[in-house]
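Fold and contact review
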Amino acid sequence: MKHATTILTSLAALGSLLSAGETNPQKLFEANCVACHITDLSKMGDKSALIAPPADEIMTHIKEDFRSKDKAVKFMADYILAPDPKTSHCASIETFGLMPAQKGIITPDEATAIVSMMFDAYPRAAFTEQENKEGNKHTGMTFEKLDRNQDGGITAREFQLFRAEKNHIDPNKFTNTYYFDRLDLNGDGKMDQAEFKKMKADKRKKKER
């Protein structure tokens, strides 16, 4: 209910701006996005209280996956208008679910303007520094650590339990396995050693860009 109320409030604010002919990307972003995708660093520590990934986190993942601003902006603009779980670049889709489509609420040009501004402004250095400190506390992600029952394969639930501990969130907040399904390349319901190594290699390559 809280999430729905927040979205309705945001849409009402956005509607007022659009009816007034607002074209400033920052104001459109603040009206349509910030209520869910927070930018206040002081509120990001308690991840259990978030209802959507922060703007900094979104852009961290996007910039890891897209080296070209043009390609990143096109992907994001298309995505927010018609979200598709199969193309999401944030693992947090498993806890927050799929965002509501913005098609019919904002125009393609407005979507492009908003995400172009986001690409230029986020992630901020303070967020990156904060995330790096947190990341250093959770080094040593090994196959054996994630494979809790030591049966030779990491299930979606085992993967979620690890992420819940790492991010200090309730493991019951996971509502789907969209992200895990993309890592389970052979579709057998488990991440084997080869798939785990590929995931780690892909993450390493992104950091080295």
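The text that follows walks through the structure, step by step, so that each part is easy to find. (Residues numbered from 1 in each chain as written. Predicted model: local features only at pLDDT ≥ 70, side-chain atom pairs only at ≥ 80, totals over all residues. Heavy atoms only, no water.)

Considering the overall build of the chain
We count it as follows: Secondary structure counts use DSSP, requiring at least four H or I residues in a row for a helix and at least two E residues in a row for a strand, with both numbered from the N terminus. Methods summary: accessible areas were calculated by the Shrake-Rupley approach with a probe of 1.4 Å, and residue burial reflects only the protein chains presented.
Check the secondary structure of the chain and you find eleven helices and two strands. For the chain, the α and β elements follow one another from N to C terminus as α-α-α-α-α-α-α-α-β-α-α-β-α. Per element, the accessible surface of the chain, about 11600 Å² overall, is 54% carbon and sulfur.

Remarks on the packing of aromatic side chains
This is how it is decided: Pairing of aromatic side chains here covers Phe, Tyr and the six-membered ring of Trp, requires ring centres within 6.5 Å, and sorts the geometry by plane angle: under 30 degrees stacked, over 60 edge-to-face, intermediate tilted.
The final tally for this structure, using the stated rule, is six aromatic pairs. Three or more aromatic residues joined by ring pairs make a cluster, and in this case those are Phe66, Phe75 and Tyr79.

Comments concerning helix α6 (residues 108–121)
As a reminder, the rule being used: In this analysis, the expected span of each helix is defined as 1.5 Å times one less than the number of residues it contains. Classification of residues uses two cut-offs on accessible area relative to the type maximum, computed with a 1.4 Å probe and protein chains only: under 20% is buried, over 50% is exposed, and between them is partly exposed.
Between its terminal C-alpha atoms α6 stretches 20 Å, which fits the 20 Å expected from 14 residues at 1.5 Å a residue. Regarding α6, the residues found buried are Glu110, Ala111, Ile114, Val115, Met117, Met118 and Phe119.

Remarks on the environment of Glu158
So the rule is basically this: Note on definitions: a residue-residue contact is assigned when non-hydrogen atoms from the two residues lie within 4.5 Å. Whenever a nitrogen or oxygen atom comes within 3.5 Å of another N or O atom, the pair is scored as a polar contact, on the condition that within protein one atom can donate a hydrogen and the other can accept it, and that pairs from neighbouring residues in sequence are kept only if both atoms are in side chains.
Looking at the element boundaries, Glu158 is found in helix α9 (residues 156–167). For Glu158, a relative accessible area of 7% corresponds to the buried category. Between the C-alpha atom of Glu158 and that of Leu146, which follows or precedes it by twelve residues, the distance is 6.1 Å. Setting aside chain neighbours within four positions, we find Glu158 in contact with Leu146, Asp147, Arg148, Asn149 and Gly153. At a separation of 2.9 Å, a polar atom in the side chain of Glu158 contacts the main-chain amide nitrogen of Thr155.

A word on the pattern of salt bridges
Here is the rule: We count a salt bridge whenever a side-chain nitrogen from Lys or Arg sits within 4 Å of a carboxyl oxygen from Asp or Glu.
Scanning all chains against the criterion turns up seven salt bridges. Here Lys69 makes a salt bridge to Asp120, at a shortest N to O gap of 2.9 Å. With Lys69 in helix α4 (residues 69–81) and Asp120 in helix α6, this residue pair connects regions lying 51 residues apart in the sequence. Where Lys190 meets Asp151, a salt bridge forms, and the shortest distance between an N and an O atom there is 2.5 Å. One end of the pair, Lys190, is in strand β2 (residues 190–191); the other, Asp151, is in the loop between α8 (143–146) and β1 (154–155), with 39 residues separating them in the sequence. The exposure class assigned to Lys190 is partly exposed, which follows from its relative accessible area of 30%. In this structure Asp151 comes out as partly exposed when scored by relative accessible area, which is 39%.

Re unusual backbone geometry
In this model, Tyr122 is joined to Pro123 through a cis peptide bond whose omega is -5°. Relative to the helices and strands, Pro123 is located in the loop between α6 and α7 (125–136). In this structure, His168 takes a positive phi of about 55° despite not being glycine. Considering the arrangement of structural elements, one finds His168 in the loop between α9 and α10 (178–183). A residue is classified by how much of its surface remains accessible, and His168, at 52% relative accessible area, is exposed.

Observations concerning the nonpolar core
Where we set the bar: Nonpolar core, defined: a set of buried Ala, Val, Leu, Ile, Met, Phe, Trp, Tyr and Cys residues in which side-chain atoms within 4.5 Å join the residues together.
Core analysis: the largest hydrophobic core is formed by 26 residues, its most contacted members being Phe29, Met59, Ile62, Met76, Ile114 and Met118. The greatest single-element share of this core, amounting to eight residues, is contributed by α4. Membership of the second largest hydrophobic core comes to 14 residues, among which are Ile154, Ala156, Phe159 and Met191.

As for the packing of helix α2 (residues 25–32) against α6
When two helices pack together, you describe them by how their axes are tilted relative to each other and by the distance separating the axes. Short version of the rule: Orientation is described by lines fitted to C-alpha atoms, with helices fitted over the stretch in contact, and by angles between N-to-C directions that extend from 0 to 180 degrees. Angles below 35 degrees are treated as roughly parallel, those above 145 as roughly antiparallel, those between 65 and 115 as roughly perpendicular, and all remaining angles as oblique. The classification used treats Ala, Val, Leu, Ile, Met, Phe, Trp, Tyr, Cys and Pro as nonpolar, Asp, Glu, Lys and Arg as charged, and all other residues, Gly among them, as polar.
Two numbers describe how α2 lies on α6: the axes approach to 9 Å, and their chain directions differ by 95°. If you check the angle between α2 and α6, you find them roughly perpendicular. Judged by residue contacts, Pro25, Gln26, Leu28 and Phe29 of α2 engage Glu110, Ala113, Ile114, Met117 and Met118 from α6. Class assignment for the residues of the contact of α2 with α6 results in seven nonpolar, one polar and one charged.

What about the environment of Ile62?
Note that Ile62 resides in helix α3 (residues 55–65). A residue is classified by how much of its surface remains accessible, and Ile62, at 4% relative accessible area, is buried. Excluding anything up to four places from it in sequence, Ile62 contacts Ala72, Phe75, Met76 and His89.

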